Amino acid sequence: MNGLLGVGVIGASVAGSWGGQAHIPSIAASPDLTLAAIGTSRMETARESAAHFGAPLAFDDPAALARDPSVDIVAVCVRVPEHERLVMAALDAGKHVYCEWPLARDTAEAERLVAAAQAAGVVHLAGMQARAVPHILHLKQLIEAGEIGRVLSASLAIAGQWSPVFPASMEYLQKLESGGNYFTIAGGHAIDAFRHVLGPVAELMATAAIQVPEVQLFDAGRATARTAPDHFAFSGRLASGAFASCEVRGLPAGGSGLRFEVNGEKGSLLITAAGANPMIQMSDLTLSRVAEDGALTAVELPADCFWADASVGPHAIGVAQNYARLVEAIRGGRPVPADFAAALDNHRLLDAIRLSAAEGRKVAVGA
């Protein structure tokens, strides 16, 4: 393939999917990658997607996709309950893996995937792409360079739309046991970005709630129970000693947006995003310095924060940047922004939030 690395994407439908919306444009924009194959659950849809996206191969068997010699990287972009089976198939074939976040349905499953990936000796990347978004990268750079001095406090608040009405195909997004829901997706990406920029959380006190306990499935003519939190918040202390607070709310009609503020001894920095459903990993962000009188000055992003072609747009830039680092890691360069072990840490932080909220007590947090 002329030195290009072939990517086999599992989960990229023509009708609309994260694989089709973010992964395939990112692969197309990369000078180092080529789309080698598409895999879906049925050969009919696999062939349709392969023809639509320009992949030479189509598979309805993920193990066969992973074994194909034209595939160097397997990208797993399907529902969370399928992640373990599909990742294991890729690892068994000795292929590098890009698995979307959440890595697994629960921490025990994530632990098995970490052990298997490390034993396979391949490069493994978890799709916590907020770490690779240029605005998040530069915020971290400025803090580490001492631009605002010692960090005293930091807060992240997201008010986004989480509808009470869904198609039946999205019922799984309401369930805690699926591993893929507002708490783990919007919340999981948010807290990972927070701790990546500021360092580990040492201890926290959390609350969580299901404010819309029943969701209507409009095309099935029935309702379903929402069992995963659509609101959660925690406050606590970072390992650095800074005060921390984080609040993520999923609202029926959307909210006021996203606000990530870091306050230091010498000033403050702020990331914002507007819109009905801002998510830190895929929104049009603005990074600003905050003056003493509260006035905001936009910060220009340096070239070293762009590892990939930004023309893919805000929704996909983190994915494109992840692929750029994945290529470097495979070729012996920099490590990936987040491997499976980093994803396991994030699963454990979600567990700590749930435990604190359930038991109404302060919880110490590990890595």
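Residues numbered from 1 in each chain as written. Predicted model: local features only at pLDDT ≥ 70, side-chain atom pairs only at ≥ 80, totals over all residues. Heavy atoms only, no water.

### As for the UniProt feature "domain: Gfo/Idh/MocA-like oxidoreductase N-terminal" (unreviewed entry) in the chain
Stage number 1. Per the UniProt annotation, the sites labelled "domain: Gfo/Idh/MocA-like oxidoreductase N-terminal" (unreviewed entry) are residues 6-124.
Stage number 2. What you have in residues 6-124 is 45% helix and 21% strand, and the ends, taken at the C-alpha atoms, are 15 Å apart. (UniProt positions renumbered as here; feature names shortened; annotations may be inferred. Helix = DSSP H or I, 4+ residues; strand = E, 2+ residues; numbered from the N terminus.)

### Regarding the pattern of salt bridges
Stage number 1. Considering all chains together, one arrives at 21 salt bridges under this definition.
Stage number 2. Across the pair Asp192 and Arg195 runs a salt bridge whose closest N-O atoms are separated by 3.2 Å. Residue Asp192 and its partner Arg195 are located together in helix α7 (residues 186-198), separated by three residues, close to a single helical turn.
Stage number 3. Exposure remark for Asp192: the relative accessible area of 1% places this residue in the buried category.
Stage number 4. Connected through salt bridges with shared partners, the residues Glu84, Arg105, Glu109 and Arg112 form a single ionic network. (Salt bridge = Lys/Arg side-chain N within 4 Å of Asp/Glu carboxyl O. Buried < 20%, exposed > 50% of the residue type's maximum accessible area, 1.4 Å probe, protein only.)

### With respect to helix α5 (residues 107-120)
Stage number 1. In this model, α5 (14 residues) spans 20 Å end to end at C-alpha, consistent with the 20 Å of a helix rising 1.5 Å per residue.
Stage number 2. Of all the positions in α5, only Thr107, Glu109, Ala110, Leu113, Val114 and Ala117 are classed as buried. For α5, the angular spread of buried residues about the axis comes to 150°, placing them on one side.
Stage number 3. Buried residues along α5 sit against α4 (83-92), β6 (124-127) and α9 (340-359).
Stage number 4. Near the N-terminus of α5, the side chain that reaches the backbone nitrogen of Ala108, with its oxygen 3.3 Å away, is that of Asp106.
Stage number 5. Backbone geometry just after α5 places Gly121 at a positive phi near 70°. (Expected span 1.5 Å × (residues − 1). Arc of directions from axis to C-beta. Contact = heavy atoms within 4.5 Å. Polar contact = N/O pair within 3.5 Å; in protein donor to acceptor, adjacent residues only side chain to side chain.)

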